[in-house]
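Next come the chains, spelled out residue by residue.
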Amino acid sequence: MSFPTDIPEADPGVYRVRADAEQAGPAIFTAPGHVVGGGYGLFETSAQPGRWGAIPHFHTGFTEAFWVISGRLAVMSGREWGVLGEGDFAHVPVNGVHGFHALGDEPARFLILFVPGAPREHYFRGLAELFARGASTEEIDAFALECDQVNLRDWEHDPIPS
């Protein structure tokens, strides 16, 4: 078998050290869509036990996937929960209702992959600002809607696992 000798031109790859990544609240913009050509966005974040990391919601323009670095993360898809530990993965399709919640005594650290690379850094920056000034749930939900996130505060789901 021979290999092609006419290699198409391509832009150079991207290297990014953690210290150069912007952070908003617990979200670290590891590889936002604008850095990697728009095909995906990759963020690292964490969730604290005892409170929602993200309430039930859905997105119409991108999929979302979770990969746990450490701790335990309950991820709701539809109405059911799956419990993820270190190295575990969950995928939520476009329009899939989902949410997440850390379990146990320590924060859950995880990666979130957005495909395609939706400009989620705008959402996480804005959310951090809204939380910092004590914005109302109505204001938070209106902002989320502008960022392709439909919050479903009254969504009925199975009990959060312990």
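Residues numbered from 1 in each chain as written. Predicted model: local features only at pLDDT ≥ 70, side-chain atom pairs only at ≥ 80, totals over all residues. Heavy atoms only, no water.

Caption draft 1: Region of interest: the sheet that holds strand 3 (residues 41-47). The sheet built from six strands is open, its strands ordered 1-2-3-10-5-8 with antiparallel pairing. Only two strands of the sheet have a single partner each, and these edge strands are strand 1 (23-24) and strand 8 (89-92). Examined bridge by bridge, strand 5 (residues 63-70) and strand 8 share four bridges and lie antiparallel to one another. Bridge assignment links Phe66 to a residue of strand 8, and that residue is Ala90. (Pairing = 2+ DSSP bridges. Helix = DSSP H or I, 4+ residues; strand = E, 2+ residues; numbered from the N terminus.)

Caption draft 2: Here's a closer look at the pattern of salt bridges. Taken as a whole and assessed by the stated rule, the structure comprises five salt bridges. When salt bridges with common partners are traced through the structure, they connect Arg18, Glu44 and Arg109 into a single cluster. (Salt bridge = Lys/Arg side-chain N within 4 Å of Asp/Glu carboxyl O.)

Caption draft 3: How the structure looks around the packing of aromatic side chains. On inspection of all chains with the given rule, the structure shows eleven aromatic pairs. A ring pair is formed by Trp52 and Trp81, whose centres lie 5.7 Å apart and whose planes are at 40°; its orientation type is tilted. Residue Trp52 is found in strand 4 (residues 52-58), and its partner Trp81 is found in strand 7 (residues 80-84); the two are separated by 29 residues along the sequence. Classification of Trp52 as partly exposed rests on a relative accessible area of 31%. Overall, the relative accessible area of 15% leaves Trp81 in the buried class. Taken together, a centroid distance of 6.0 Å and an interplanar angle of 10° make the contact between Tyr123 and Phe143 stacked. Pair noted here: Tyr123 is in helix 1 (residues 120-132) and Phe143 is in helix 2 (residues 137-146), with a separation of 20 residues, a long-range link. Both residues of the pair, Tyr123 and Phe143, belong to the buried class. A network of ring pairs unites the aromatic residues Phe29, Phe43, Phe62, Phe114, Tyr123, Phe124 and Phe143 as a single cluster. Above the ring of Trp155, the side-chain terminus of Arg79 is found at 4.2 Å from the ring centroid. (Phe/Tyr/Trp six-rings, centres within 6.5 Å; stacked < 30°, edge-to-face > 60°. Buried < 20%, exposed > 50% of the residue type's maximum accessible area, 1.4 Å probe, protein only. Lys NZ or Arg CZ within 6 Å of the ring centre and 35° of its normal.)

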